[in-house]
Every structure is written in C-alpha cells, then in structure tokens.
Amino acid sequence: MAQAPKLNLPADLYGAPLGLETNMVHGGILRSQFAETSEALFLTQGYVYDSPEQAEERFKSESGGFIYSRYANPTLAMFEERMKLLEGAEGARATASGMAAVMSSLMCFLKAGDHVVAARALFGSCLYVVQDLLPRYGVTSTLVDGRDLAQWKKAMQPNTRAVFFESPSNPCLDLVDIKAVSEIAHDAGALVVVDNVFATPMYQSPLKLGADVVVYSTTKHIDGQGRCLGGVVLSSEKYIKEQLHPFYKHTGVGMSPFNAWVMLKGLETLGLRVRAQAQTALQVADALAGLKNQGVQRVIFPGRADHPQAELAKRQMSGGSTLVAFELAGGKTAAFKFLNALKIIKLSNNLGDAKSLITHPATTTHQRLKPEEKAILGISDGLVRLSVGLETPADLISDVSNAVRAAIS
Ligand SMILES: *Cc1c(COP(=O)(O)O)cnc(C)c1O
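Residues numbered from 1 in each chain as written. Predicted model: local features only at pLDDT ≥ 70, side-chain atom pairs only at ≥ 80, totals over all residues. Heavy atoms only, no water.

Asks: Could you give me a rundown of the side chain of Asn23, with the residues and numbers involved?
Replies: Within the fold, Asn23 resides in helix H1 (residues 20-26). Beyond its immediate chain neighbours, meaning those up to four positions away, Asn23 contacts Leu9, Leu18, Arg82, Leu85 and Leu86. (Helix = DSSP H or I, 4+ residues; strand = E, 2+ residues; numbered from the N terminus. Contact = heavy atoms within 4.5 Å.)

Asks: Could you give me a rundown of the site of the ligand, with the residues and numbers involved?
Replies: As a matter of local geometry, the ligand sits amid 14 residues, with Gly98, Asp195, Ser217, Thr219 and Lys220 nearest to it. A distance of 2.8 Å separates an oxygen atom of the ligand from a polar atom in the backbone of Met99. In this structure, Lys220 approaches the ligand through a side-chain N or O atom, which is 2.7 Å from an oxygen atom. The residue makeup of the shell around the ligand, split by class, is six nonpolar, five polar and three charged. (Near = heavy atom within 4 Å. Polar contact = N/O pair within 3.5 Å; in protein donor to acceptor, adjacent residues only side chain to side chain. Nonpolar A, V, L, I, M, F, W, Y, C, P; charged D, E, K, R; others polar.)

Asks: So what about the sheet that holds strand S14 (residues 383-387)? Which residues, and what values?
Replies: Pairing is mixed across the open sheet formed by five strands, whose spatial order is S10-S11-S14-S13-S12. Since the sheet does not close on itself, it has two edges, and those belong to strand S10 (296-300) and strand S12 (346-347), each with one partner. Sheet topology note: the strand S11 (residues 323-328)/S14 ladder contains five bridges and is antiparallel. Bridging across to S14, Val324 finds its partner in Leu386. Each of S11, S12, strand S13 (357-359) and S14 is contacted by helix H13 (residues 331-341), which is oriented at about 130 degrees to S11, the strand it contacts most. (Pairing = 2+ DSSP bridges. Axes fitted to C-alpha atoms, helices over the stretch in contact; angles between N-to-C directions.)

Asks: Explain the pairing of strand S4 (residues 115-119) residue by residue, including any values.
Replies: A large share of S4 lies buried, amounting to five of its five residues. Of the two faces of S4, the one lined by His115, Val117 and Ala119 and the one lined by Val116 and Ala118 are each fully buried. The pairing of S4 with strand S5 (residues 140-144) spans five bridges and is classified as parallel. Paired with Val117 across the two strands is Thr142, which belongs to S5. Handedness of the crossover joining S4 and S5 through helix H5 (residues 124-136) is recorded here as right-handed. Summarising the sheet, S4 and strand S6 (residues 160-166) pair through four bridges and their orientation is parallel. (Buried < 20%, exposed > 50% of the residue type's maximum accessible area, 1.4 Å probe, protein only. Right-handed = clockwise from strand over helix to strand, strands pointing away.)

Structure, rendered in structure tokens:
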C-alpha cells in the first residue's frame, strides 16, 4: 500500500483493545473529501500528479500517494488495513484469488535449491503448487501427516525455508498444532505459512501462535455470499516490504478494486455470519452423530468432543468450524443417493457461503488423487463435506436427516 490510511478509529478504547467486530465494521476506512459513510470504490488504474517533482518523489519513496493500481489502490488499502487489524499483522497485500495469495506467499521468497515441508492434507490447488509447480523451479518438497509432530521434525533439512499447512484441513478437518510446528520450523530456520481459510479470522490467529505468514482465500467466508474471488497475505512489515511487495508489484497478482470493495462489505458481517454458521454446523453435526449406525459412519467436527484432536482444537481455536465432514455407510452409491435426495443444500465445491453447499471430495476436488493417496487422507467414497450456511437450522437438520434415510433405503 502506497499510503498509510489515516486511522479513523482509536488504537484502543480506554486502555482496552477494540473487539474484532468493531474493526470489521470500521477498520482501515480512508474517507474521501466527500466524507462518505460507506467505503468508496476507487475504480481507477492510475493517479494524477500535481507536478513532475511530485511524480519523481512518489516513485522514489513509494510513500505518500498512489502510483498505479497493479500494486496499490485506495479501496485495496482499506481492505488490507482492515485485515491487518483483524489478524494483528503489520502488513498485508490483497490478491486476485486465494491461490494467488498462496502462490505468491511462497514464490516471493523461495529460490532454486530450497526445500519446503507441507502437510499432505491440503486444498487441491495448494497441493499442486507444492508438489508440481515448485519442483519445476528447483524447490523440493516433503509432504507429512500434519497431525504428527515427529514427521514434521524428521522432514526438516538444512535447506528447508518454508513450512506450509492449513488447519483445519480440507476436507477431513484435521488440525495441525500451529505453535509446536512453528517452533520446529523456526529451529530449522524456516518460515511458517498458514492457510487459515477454514478457521476464519474469527476462530484462529496463527500469527499469535507463532506462524510468520497467514493466507486467506477471501472467496470463502470473507466475501461469504458467493460473489467474488480474492485472497490476502498477512505478515510482518519486513516480509511484506522486502519479500512479497516486489513480487506482487511486478507480477500483477493483485485484487481488483471492485472485489476489494465487495470484500470490505463482506467483512462488516463476517462476525455475525461465521458465528451463526458455526452454531448451526454444530447442531447439524450433533444431528448426524445421532444417526450413527443408521446410515452415518463417522462425523468430523472440530467443535465436538469426539474429534480426534478435540484437545488441540480447544487450545488453538476459539470456535468450531462452519464445515462438517461425515462419512455415509455404503460408499459412493450411498453418498450419491444422499446428495441426490437433498432439497435445500446445494451441490457445489465452494464453501463459506450463506448458502449451504455440499461436495463429494472423492469424485470432485480430490478426483485426481490415486486411491492410496485418498486412503491416507481419509477421503473415502462415502465421505461428504458440508459447508453450513445461514438457512434456518431446523431446515438443514431435516434436509440432511431425510437424505440419510433416503441413502440407506
Ligand atoms: C478455496 C481455497 C483456496 C483457494 O482459493 P481461491 O480463492 O479459490 O483461489 C486455498 N485454500 C483453501 C483452504 C481454500 O478453501
């Protein structure tokens, strides 16, 4: 961002830090001369200088004004500032998509000869970046079971420069101990990059647990209403300035101002939405658990006591999740019968939307994996992943319960 927004909020309130939701509504606003209440959409490519002297000065310091919207724009600056406040980060850059955030967060500092350690349970495209793309540029990688600290330790090499994982992970909602893995990585001299999409800024703060970089696909809960793609990278001022900014500026991975404006509006209701969605998700997970041995084999929800890592969930997350994964008895046939019987919940691989969306990972997002790779990740033919929306909870419970009945009939 070329210009630090004028703070329109006090840094604290009578000595107490401002709450997340106050920052979600007010954080980072740069008001124009018209003093608009709602954030302005600056749909402009460039900026006009008063004089050649001013242009020269601006290019020299890249501070005190905007130059070109490929790398800085007032609407993006507001969104970045708001995200910084939510995450407790010193710097941020908004990107065109979540994958642009993941890719640039790694590519901006890795070079040939470096090594990356990543959790095996990753969003499909993230797995492609680590497994296929980086090695083409001489960056080797090791995949580990993210739940197993011994595997993380063993995978570290003298040239390990980055550690990358998501927690909870897609689609089986496994957790990674952010604090412990950050310590292992830092001992090896590696930076820790965490994809925090599933937890949202509401329920987990990786930077406070020791991570160095946080990435989001803002396409998910931050937009939250299924409209625009976007992403954001958050970290220290040093990382953003020295590593990310040159890469971001010269490769054009930035978010469009229109999308940044949509994301700002999304953030205003993020707290409300995520809390309601996570609450309903718990109710749906409980209802599904009540159907165990009656069509449901296994329910995975980080907020339930029967999650295999419930203790870790309590320690590093302040809430459950808006996602529920569960396994139907009867494999693909039962899963497809279940999906075909749903009346409210829509089939889509997206998540974090106001609309409840459900996907069958084995035949969609994780289709390209070999059977043994799916087995390692727990992606069975009966597994479905539900992103819980904002519908009336009783309707969702009725929809899934009746569809489970249809699946076993
Ligand atoms: C969706 C998603 C991404 C990629 O984001 P896009 O905005 O689709 O590019 C990365 N990581 C996770 C965990 C995601 O859910």
